[in-house]
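Descriptive analysis of the structure
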Amino acid sequence: MRYESHNEEETKKIAADFVRDLQGGEVVFLSGELGSGKTTFVRGIAEALGFHEPVRSPSFTIVNRYPVENVNIKQILHVDFYRIDDASEIPPLALEEEIGQPDTVTCIEWPEKAPSGMFVATHQIICHGGDPYVFTITSLLPQREGFPRLL
Ligand SMILES: Nc1ncnc2c1ncn2[C@@H]1O[C@H](COP(=O)(O)OP(=O)(O)OP(=O)(O)O)[C@@H](O)[C@H]1O
Ligand SMILES: [Mg+2]
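All of the points below concern the structure found in this document. As the structure is a computational prediction, the values presented were derived from the model and not from experiment.

1. A closer look at the environment of Asn70
Following the sequence through the fold, Asn70 ends up in the loop between strand S3 (63–67) and strand S4 (75–80). When near neighbours in sequence (up to four residues on either side) are disregarded, Asn70 contacts Leu49 and Gly50.

The structure is reproduced here in structure tokens:
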């Protein structure tokens, strides 16, 4: 789905609508150039899940954790690989212990800095800056199997 946004508040509204479909365990890749709204989108996710403290790109720490109190979702893991220069810097972060946990929603900025296949996304959000900003959201979850169709 493609969404247009004219300001930060509209982006946070798109993020809040996106959150409605989350159950916990999701891994959201956010791709797009510098300043394309990735962190703003994550801020919208965090606010919609009840986290109201500042959300900034975890550029120097690589990982931020936001505790939240929802029925299923208790933590947002906000990862930003922008400053990763070498894949060997990733395993020490021990992210695999938390990513995909049923009580955690993981948001990864600059996922393409990690070797492909190291993390598996359930959702991909392609962000474009400009007038307007554009967010294209793709669910990568396997399609639920329906009843066999009669031809
Ligand atoms: N519609 C919009 N949605 C999101 N941000 C917007 C919008 N319009 C203007 N902006 C501005 O664009 C900037 C987006 O910054 P943001 O940190 O979210 O980008 P980013 O993709 O995370 O960048 P980086 O790659 O550096 O982490 C902010 O300064 C924000 O105020
Ligand atoms: Mg950012």
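2. Comments concerning unusual backbone geometry
Across the junction of Asp131 and Pro132, the peptide omega takes the value 5°, indicating a cis bond. Along the chain, Pro132 turns up in the loop between strand S6 (123–128) and strand S7 (133–139). The phi dihedral of Ala94 falls on the positive side, at around 55°, and the residue is not glycine. The topology assignment puts Ala94 in the loop between S4 and strand S5 (104–109). Even without being glycine, Trp110 reaches a positive phi, approximately 55°. With respect to the helices, strands and loops of the structure, Trp110 is situated in the loop between S5 and S6.

3. A few points about the site of ligand 1
Taken together, 19 residues surround ligand 1, and among them Thr11, Gly37, Lys38, Thr39 and Thr40 come closest. Listing elements by their share of the shell around ligand 1, those giving two or more residues are helix H1 (8–19) and helix H2 (38–48). Across the shell around ligand 1, the residue classes tally to 4 nonpolar, 11 polar and 4 charged.

Definitions and limits used
- Residues numbered from 1 in each chain as written.
- Chains lettered and ligands numbered in written order.
- Predicted model: local features only at pLDDT ≥ 70, side-chain atom pairs only at ≥ 80, totals over all residues.
- Helix = DSSP H or I, 4+ residues; strand = E, 2+ residues; numbered from the N terminus.
- Contact = placed C-beta atoms within 7 Å.
- Near = placed C-beta within 6 Å.
- Nonpolar A, V, L, I, M, F, W, Y, C, P; charged D, E, K, R; others polar.

Everything listed here is a matter of coordinates, which is why it stays silent on function.
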